[in-house]
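Spelled out, the chains give:
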Amino acid sequence: MSIVPEAERPNPYSAYGAHGSVLVLNSGSSSLKYQLVNPVGGEAIAAGTIERIGEPSGIVTHTFAGNRTRRELEVPDHGEALRLALGMFDEIGPRLADAGIYAVGHRVVHGGAEFSGPVVVDDDVVERIDALVPLAPLHNPANVQGIRVARELLSDVPHVAVFDTAFFSALPAEAYTYAIDRKVAQEHDVRRYGFHGTSHQYVAGKVARVLGRRVQDLHTIVLHLGNGASASAVAGGVPIDTSMGLTPLEGLVMGTRSGDIDPAVVFHLARNAGMGIDELDTLLNKRSGMLGLSGVNDFRELRRLIDDGDEDASLAFDVYVHRLKKYVGAYAALLGRVDVVAFTAGVGENDVAVRAAVCEGLEGMGIAVDPERNTAAADGERIISPDWTSTLVMVIPTMEELAIARQCVEAVEHLRPSSSVTAG
Ligand code: AMP
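The model shown is predicted, which means the values in this text are computed figures rather than measured ones.

Along its length, the protein carries 16 helices and 14 strands. Oriented by its inertia axes, the alpha-carbon framework of the protein measures out at about 60 × 55 × 50 Å. Counting across all 424 residues of the protein, residues that qualify as buried make up 52%. Within the protein, residue pairs in contact and separated by at least 24 positions form 65% of the contacts whose partners lie at least 6 positions apart. For the protein, the computed accessible surface area is about 18900 Å², with 51% contributed by carbon and sulfur atoms. The centroid of the 36 positive side-chain charges in the protein is displaced by 2 Å from the centroid of its 55 negative side-chain charges.

Put into structure tokens, the structure is as follows:
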């Protein structure tokens, strides 16, 4: 199977015609990332980040037409951050009035069992996202704040919430149910939700378009390996399992998160190390994973350490790959047949050694990486398996902002009222 040239691929979004651009906002606890996207052509017109919100010296960067502007100044809160971002568009360009904003898209981390697709934001939707804060105390508060401020400052365009969990609302019950007391689970909404859904959905769809196949005909394992990392098994465009759970902590080894551990580790440390809940939360979310094992969470630095003979770094790499392989094997068993293994996100798109190591020894399953194709200097979507395998191994750059922008267009086109959102 080969890649269909870009010019020959159908672009399902061109049917929407010219809409102007979509401003995609991603509000984190101390940062705001934004991108102005053309949802039809797919290009990022301008992009920026505002970091260290609430600290004495914030950092603002804005990139437009190949020029990057960087400033250091105090950014007290998200309201000021968004005002600064809008000011950058006025000052450096493009002027938003000229770009014709069609909608503002908000990345929201947790949609609970309630939101199974993008939704046009009204007051009720904001309240419902706010009500999900107990499920995502680290993420949803910033998302809600970002939506509130943006609706005030950009009041004459529709705002759309796009949820990281939405794609996985289609998971079957046997995949999302934890084997704990049913009553406790139901009372406290304890189940698996999955995250990075926008990326998994985009990559699974892109694989099909790139190969000139229908997504309904493909069984794909998507490995989203960024600073956060997750895997999914997608059968015919529908996810049947994913590695993240109630929160993004479950599953693969990540930059700073442990991924799967025996939950009794928490009881053990609480009883024997006197650690409190917040300390344990920080330990597993921020001080574990590659950082906890090797002292660094960036794979470029990890490679330097490994090359210098650092044994902790080598072990961290091996632990990371071991966990990934287990998920590939598990998802192959669930899917029954694997047409494509797709690597994406910062590590998946760039780290040659990770891709080679994950697929090493899987020839018996029809999965292998061709060393030349894997190491070739390239940055687009590509096949890196040899011609003889039954499974294609591919690299598919993820474009979460574009995927969010396109979901915004779909939501506004269909003007999905919040009441039409189905329970997942
Ligand atoms: P993301 O969360 O998708 O932005 O991925 C960020 C992570 O990707 C970084 O922390 C690095 O570990 C990894 N990364 C980025 N660029 C490279 C590269 N050229 N080689 C290896 N890893 C990379």
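Our next topic: the pattern of salt bridges. Per the counting criterion, the structure on display carries 17 salt bridges. A salt bridge links E250 to R192; the nearest nitrogen and oxygen atoms lie 3.3 Å apart. Of this pair, E250 sits in the loop between β11 (238-242) and α8 (264-272) while R192 sits in the loop between α6 (182-187) and α7 (197-211); the two residues are 58 residues apart in sequence, bridging distant segments of the chain. With a relative accessible area of 8%, R192 lands in the buried category. Residues joined in a network through salt bridges with shared partners are R107, D164 and E400.

This paragraph deals with the UniProt feature "binding site: Mg(2+)" (unreviewed entry) in the protein. The positions UniProt marks with the feature "binding site: Mg(2+)" (unreviewed entry) are N26 and E400. Annotated residues spanning 375 residues; largest pairwise C-alpha distance 10.4 Å, indicating a single compact cluster. Topologically, N26 is positioned in strand β1 (residues 21-27). What makes N26 buried here is its relative accessible area of 17%. Once residues within four sequence positions are removed from consideration, N26 is found in contact with S31, L32, K33 and R107. Looking at where E400 falls in the secondary structure, it is placed in helix α16 (residues 400-413). Contacts of E400, omitting those with residues within four sequence positions, involve R107, T198, S199 and H224.

Neighbouring the ligand are G226, N227, N297, D298, F299, R300, A345, G346, V347, N350 and D351. One nitrogen or oxygen atom from the main chain of F299 is found 2.8 Å from an oxygen atom belonging to the ligand. R300 places a side-chain nitrogen or oxygen 3.4 Å from a nitrogen atom of the ligand. The set of elements that each furnish at least two residues to the shell around the ligand consists of α11 (299-307) and α13 (345-350). Among the elements that line the shell around the ligand, the one with the most residues is α13, at four residues. In the shell around the ligand, the residues fall into three nonpolar, five polar and three charged.

Each value, and the rule that gives it
Every chain's residues receive numbers from 1 upward, in the order its sequence appears when written. In keeping with the model being predicted, local features are shown solely for residues with a pLDDT of at least 70 and side-chain atom pairs are shown and tallied solely at 80 or more, while totals for entire chains, interfaces and linings include all residues. The basis for the side-chain values is all heavy atoms of the structure; hydrogens and waters are excluded. Working definition: helices are DSSP H or I runs of at least four residues, strands are E runs of at least two. Numbering for both runs from the N terminus. Three labels apply to residues, based on accessible area from a 1.4 Å probe with only protein chains included: buried if under 20% of the type maximum, exposed if over 50%, partly exposed otherwise in between. We call two residues in contact when some of their heavy atoms are within 4.5 Å. All accessibility values rest on the Shrake-Rupley procedure with a 1.4 Å probe; residue burial counts only the protein chains present in the view. Charge counting treats Lys and Arg as positive and Asp and Glu as negative, with His and both chain ends excluded. A charge is said to be at NZ when it belongs to Lys, at CZ for Arg, at CG for Asp and at CD for Glu. When a carboxyl oxygen of Asp or Glu is within 4 Å of a side-chain nitrogen of Lys or Arg, the pair counts as a salt bridge. UniProt positions are given in the numbering used here, feature names are shortened, and annotations may be inferred rather than shown by experiment. Think of it this way: one heavy atom of a residue within 4 Å of a molecule or strand is enough to make that residue near it. For the purposes of these results, a polar contact is taken to be a pair of N or O atoms within 3.5 Å, where, inside protein, one atom must be able to donate a hydrogen and its partner to accept one; residues adjacent in sequence count only when each atom of the pair is a side-chain atom. Residue polarity is assigned by list, with Asp, Glu, Lys and Arg as charged and Ala, Val, Leu, Ile, Met, Phe, Trp, Tyr, Cys and Pro as nonpolar; anything else, Gly included, falls into the polar class.

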